[in-house]
Amino acid sequence: MAVAVVGSVALLRMILPSLRGRDGLLIGALAIGAAPVYAAFSAGQNSGLSLLLHTGILVALVQRRDALAGALLAGGMYKPQLFVLILPLLLFDRRWRAIAAWGAGMAVIGLITWVVFGLGAIGAWLDLLRSPLFQGEEVNQAGKYFSWQPFWILLLGHNIVASALAYGCMA
(Lines give C-alpha, C1' and ligand atoms only; values in the text may rest on other atoms or scores of the structure.)
Protein backbone atom coordinates (compact mmCIF):
# COMPACT_ATOMS: atom_id res chain seq x y z
CA MET A 1 0.00 0.00 0.00
CA ALA A 2 2.75 2.45 0.96
CA VAL A 3 4.63 1.66 -2.26
CA ALA A 4 1.46 2.28 -4.29
CA VAL A 5 0.86 5.65 -2.62
CA VAL A 6 4.49 6.68 -3.16
CA GLY A 7 4.24 5.49 -6.77
CA SER A 8 1.05 7.49 -7.28
CA VAL A 9 2.63 10.66 -5.90
CA ALA A 10 5.69 10.04 -8.10
CA LEU A 11 3.45 9.68 -11.17
CA LEU A 12 1.54 12.84 -10.29
CA ARG A 13 4.83 14.74 -10.08
CA MET A 14 5.11 14.23 -13.86
CA ILE A 15 2.03 16.40 -14.47
CA LEU A 16 1.89 18.58 -11.34
CA PRO A 17 4.96 20.79 -10.93
CA SER A 18 3.78 21.83 -7.45
CA LEU A 19 4.59 18.30 -6.23
CA ARG A 20 8.25 18.71 -7.14
CA GLY A 21 10.69 19.88 -4.51
CA ARG A 22 10.31 20.15 -0.75
CA ASP A 23 6.58 20.94 -0.83
CA GLY A 24 5.95 17.84 -2.89
CA LEU A 25 7.76 15.68 -0.33
CA LEU A 26 5.58 17.15 2.41
CA ILE A 27 2.41 16.51 0.39
CA GLY A 28 3.55 12.94 -0.26
CA ALA A 29 4.23 12.37 3.43
CA LEU A 30 0.80 13.75 4.33
CA ALA A 31 -0.82 11.49 1.74
CA ILE A 32 0.88 8.41 3.18
CA GLY A 33 -0.19 9.43 6.69
CA ALA A 34 -3.84 10.07 5.77
CA ALA A 35 -6.46 8.09 7.68
CA PRO A 36 -7.96 6.33 4.61
CA VAL A 37 -4.48 5.21 3.52
CA TYR A 38 -3.73 3.86 6.99
CA ALA A 39 -7.13 2.13 7.23
CA ALA A 40 -6.72 0.51 3.82
CA PHE A 41 -3.15 -0.51 4.60
CA SER A 42 -4.02 -2.01 7.98
CA ALA A 43 -7.07 -3.84 6.61
CA GLY A 44 -5.11 -5.39 3.75
CA GLN A 45 -7.34 -3.85 1.10
CA ASN A 46 -6.34 -3.52 -2.55
CA SER A 47 -6.93 0.24 -2.47
CA GLY A 48 -3.27 0.88 -3.27
CA LEU A 49 -3.62 -0.85 -6.61
CA SER A 50 -6.82 1.09 -7.35
CA LEU A 51 -5.12 4.37 -6.48
CA LEU A 52 -2.13 3.53 -8.65
CA LEU A 53 -4.39 2.60 -11.58
CA HIS A 54 -6.46 5.79 -11.22
CA THR A 55 -3.29 7.86 -11.08
CA GLY A 56 -1.88 6.07 -14.11
CA ILE A 57 -5.11 6.67 -16.04
CA LEU A 58 -5.07 10.38 -15.15
CA VAL A 59 -1.43 10.85 -16.11
CA ALA A 60 -1.90 8.93 -19.36
CA LEU A 61 -4.93 11.05 -20.30
CA VAL A 62 -3.16 14.32 -19.50
CA GLN A 63 -0.21 13.18 -21.63
CA ARG A 64 -2.61 12.22 -24.45
CA ARG A 65 -1.61 8.54 -24.22
CA ASP A 66 -5.18 7.37 -24.66
CA ALA A 67 -4.42 3.74 -25.54
CA LEU A 68 -2.47 3.33 -22.30
CA ALA A 69 -5.27 5.02 -20.34
CA GLY A 70 -7.83 2.62 -21.84
CA ALA A 71 -5.69 -0.42 -21.10
CA LEU A 72 -5.23 0.71 -17.48
CA LEU A 73 -8.97 1.33 -17.23
CA ALA A 74 -9.63 -2.25 -18.37
CA GLY A 75 -7.21 -3.45 -15.69
CA GLY A 76 -9.19 -1.52 -13.10
CA MET A 77 -12.38 -3.39 -13.88
CA TYR A 78 -11.54 -5.87 -11.14
CA LYS A 79 -13.50 -3.30 -9.08
CA PRO A 80 -15.93 -1.91 -11.65
CA GLN A 81 -17.67 0.36 -9.15
CA LEU A 82 -14.43 2.36 -8.87
CA PHE A 83 -13.61 2.62 -12.56
CA VAL A 84 -16.72 2.33 -14.75
CA LEU A 85 -17.68 5.96 -14.17
CA ILE A 86 -14.59 7.06 -16.09
CA LEU A 87 -16.19 5.74 -19.30
CA PRO A 88 -18.84 8.48 -19.63
CA LEU A 89 -16.13 11.09 -19.10
CA LEU A 90 -14.14 9.55 -21.95
CA LEU A 91 -17.26 9.61 -24.13
CA PHE A 92 -17.95 13.28 -23.32
CA ASP A 93 -14.35 14.13 -24.18
CA ARG A 94 -14.48 11.99 -27.35
CA ARG A 95 -11.44 9.95 -26.33
CA TRP A 96 -12.21 7.18 -28.82
CA ARG A 97 -8.75 5.59 -28.66
CA ALA A 98 -9.05 5.22 -24.88
CA ILE A 99 -12.51 3.65 -25.23
CA ALA A 100 -11.28 1.31 -27.98
CA ALA A 101 -8.28 0.28 -25.84
CA TRP A 102 -10.62 -0.32 -22.90
CA GLY A 103 -12.84 -2.50 -25.10
CA ALA A 104 -9.86 -4.48 -26.38
CA GLY A 105 -8.57 -4.92 -22.83
CA MET A 106 -11.97 -6.09 -21.64
CA ALA A 107 -12.13 -8.58 -24.52
CA VAL A 108 -8.73 -9.99 -23.53
CA ILE A 109 -9.74 -10.20 -19.86
CA GLY A 110 -13.03 -11.87 -20.86
CA LEU A 111 -11.21 -14.38 -23.03
CA ILE A 112 -8.74 -15.22 -20.28
CA THR A 113 -11.60 -15.58 -17.78
CA TRP A 114 -13.48 -17.85 -20.17
CA VAL A 115 -10.43 -20.04 -20.87
CA VAL A 116 -9.31 -20.32 -17.25
CA PHE A 117 -12.64 -20.45 -15.39
CA GLY A 118 -15.26 -21.38 -17.98
CA LEU A 119 -18.42 -19.70 -19.20
CA GLY A 120 -20.19 -19.82 -15.86
CA ALA A 121 -17.57 -17.79 -13.97
CA ILE A 122 -19.13 -14.37 -14.47
CA GLY A 123 -22.61 -15.64 -13.62
CA ALA A 124 -21.25 -17.30 -10.47
CA TRP A 125 -19.52 -14.04 -9.53
CA LEU A 126 -22.76 -12.06 -10.02
CA ASP A 127 -24.67 -14.64 -7.96
CA LEU A 128 -22.11 -14.23 -5.18
CA LEU A 129 -22.49 -10.43 -5.23
CA ARG A 130 -26.27 -10.80 -4.86
CA SER A 131 -26.09 -13.44 -2.13
CA PRO A 132 -27.45 -12.61 1.34
CA LEU A 133 -24.09 -13.58 2.86
CA PHE A 134 -22.17 -11.06 0.73
CA GLN A 135 -24.79 -8.33 1.18
CA GLY A 136 -24.79 -8.82 4.96
CA GLU A 137 -21.01 -8.78 5.15
CA GLU A 138 -20.89 -5.63 3.05
CA VAL A 139 -23.18 -3.91 5.55
CA ASN A 140 -21.13 -5.24 8.49
CA GLN A 141 -17.89 -3.92 7.00
CA ALA A 142 -19.27 -0.58 5.74
CA GLY A 143 -18.12 1.34 8.81
CA LYS A 144 -14.50 0.55 7.97
CA TYR A 145 -14.50 1.97 4.44
CA PHE A 146 -13.90 5.47 3.10
CA SER A 147 -16.16 5.85 0.09
CA TRP A 148 -19.67 6.87 -0.93
CA GLN A 149 -21.06 3.33 -1.08
CA PRO A 150 -20.64 2.52 2.63
CA PHE A 151 -21.70 6.06 3.60
CA TRP A 152 -25.12 5.59 2.00
CA ILE A 153 -25.39 1.97 3.16
CA LEU A 154 -24.79 3.03 6.76
CA LEU A 155 -27.28 5.86 6.40
CA LEU A 156 -30.07 4.11 4.49
CA GLY A 157 -29.33 0.39 4.69
CA HIS A 158 -28.42 -1.85 1.78
CA ASN A 159 -30.94 -1.06 -0.93
CA ILE A 160 -31.28 0.34 -4.44
CA VAL A 161 -31.64 3.94 -3.20
CA ALA A 162 -28.33 3.74 -1.30
CA SER A 163 -26.61 2.27 -4.36
CA ALA A 164 -28.07 4.90 -6.69
CA LEU A 165 -27.00 7.73 -4.38
CA ALA A 166 -23.51 6.25 -4.04
CA TYR A 167 -23.04 5.97 -7.80
CA GLY A 168 -24.51 9.45 -8.27
CA CYS A 169 -22.00 10.92 -5.81
CA MET A 170 -19.14 9.06 -7.49
CA ALA A 171 -20.23 10.37 -10.88
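Residues numbered from 1 in each chain as written. Predicted model: local features only at pLDDT ≥ 70, side-chain atom pairs only at ≥ 80, totals over all residues. Heavy atoms only, no water.

1. Remarks on the nonpolar core
Counting 13 residues, the largest nonpolar core has Ile57, Leu61, Ala69, Leu73, Phe83, Ile86 and Leu90 as its most contacted members. Among the elements that take part in this core, helix α4 (residues 47-62) stands out by supplying 4 residues, more than any other. Setting aside residues no more than four positions away along its own chain, Ala69 makes contact with Ile57, Ala60 and Leu61. (Core = buried A, V, L, I, M, F, W, Y, C linked by side-chain atoms within 4.5 Å. Buried < 20%, exposed > 50% of the residue type's maximum accessible area, 1.4 Å probe, protein only. Helix = DSSP H or I, 4+ residues; strand = E, 2+ residues; numbered from the N terminus. Contact = heavy atoms within 4.5 Å.)

2. So, the layout of surface pockets
Picture a little ball the size of a water molecule; that probe, rolled over the atoms, points out where space is still empty. Size it by volume and the second largest pocket reaches roughly 380 Å³. Surrounding the second largest pocket, 14 residues form its lining, Met77, Ile109, Thr113, Ile122 and Trp125 being those nearest its centre. Counting only elements with at least two residues in the lining of the second largest pocket, the list comes to α5 (66-75), α8 (96-117) and α9 (121-130). Considering each element in turn, the lining of the second largest pocket owes the most residues, 5 residues, to α8. (1 Å grid on protein atoms, 1.4 Å probe; cavity = no way out; pocket = protein on both sides within 12 Å on 5 of 7 lines; lining within 4 Å. Points joined across faces, edges and corners; volume = space filled by probe spheres on them.)

3. Details of the packing of α4 against α5
Where α4 contacts α5, the two axes come as close as 8 Å, and the packing angle between them is 160°. Between α4 and α5, the interaxial angle falls into the category roughly antiparallel. Between α4 and α5 lies a crossing of left-handed hand. Counting all contacts with α4, which are made through Leu53, Gly56, Ile57, Ala60 and Leu61, the residues of α5 involved are Asp66, Leu68, Ala69, Leu72, Leu73 and Gly75. Tallied by class, the residues present in the contact of α4 with α5 amount to 8 nonpolar, 2 polar and 1 charged. (Axes fitted to C-alpha atoms, helices over the stretch in contact; angles between N-to-C directions. Parallel < 35°, antiparallel > 145°, perpendicular 65-115°, else oblique. Left-handed = near helix turned anticlockwise from the far one by under 90°. Nonpolar A, V, L, I, M, F, W, Y, C, P; charged D, E, K, R; others polar.)

4. Focus on the environment of Glu137
Inspection of the secondary structure puts Glu137 in helix α10 (residues 132-141). Each C-alpha atom of the pair Glu137 and Ala67 lies 37 Å from the other, and the pair is 70 residues apart in sequence.

5. So, the confidence of the model for the protein chain
Mean pLDDT over the protein chain works out to 84, with 91% of the residues at or above the 70 mark. Mean pLDDT across the elements of the protein chain ranges from a minimum in helix α3 (residues 35-43), with 70, to a maximum in α5, with 96. (pLDDT = per-residue confidence, 0-100.)

6. Focus on the pattern of salt bridges
For the structure shown, the criterion picks out 2 salt bridges. Between Asp66 and Arg95 there is a salt bridge, with the nearest N and O atoms lying 2.8 Å from each other. Of this pair, Asp66 sits in helix α5 while Arg95 is found in the loop between α7 (86-92) and α8, placing the two residues 29 residues apart along the sequence. No difference in accessibility class separates Asp66 from Arg95, as the two residues are buried. The shortest N-O distance in the salt bridge between Asp93 and Arg95 comes to 2.8 Å. Connected via shared salt-bridge partners are Asp66, Asp93 and Arg95. (Salt bridge = Lys/Arg side-chain N within 4 Å of Asp/Glu carboxyl O.)

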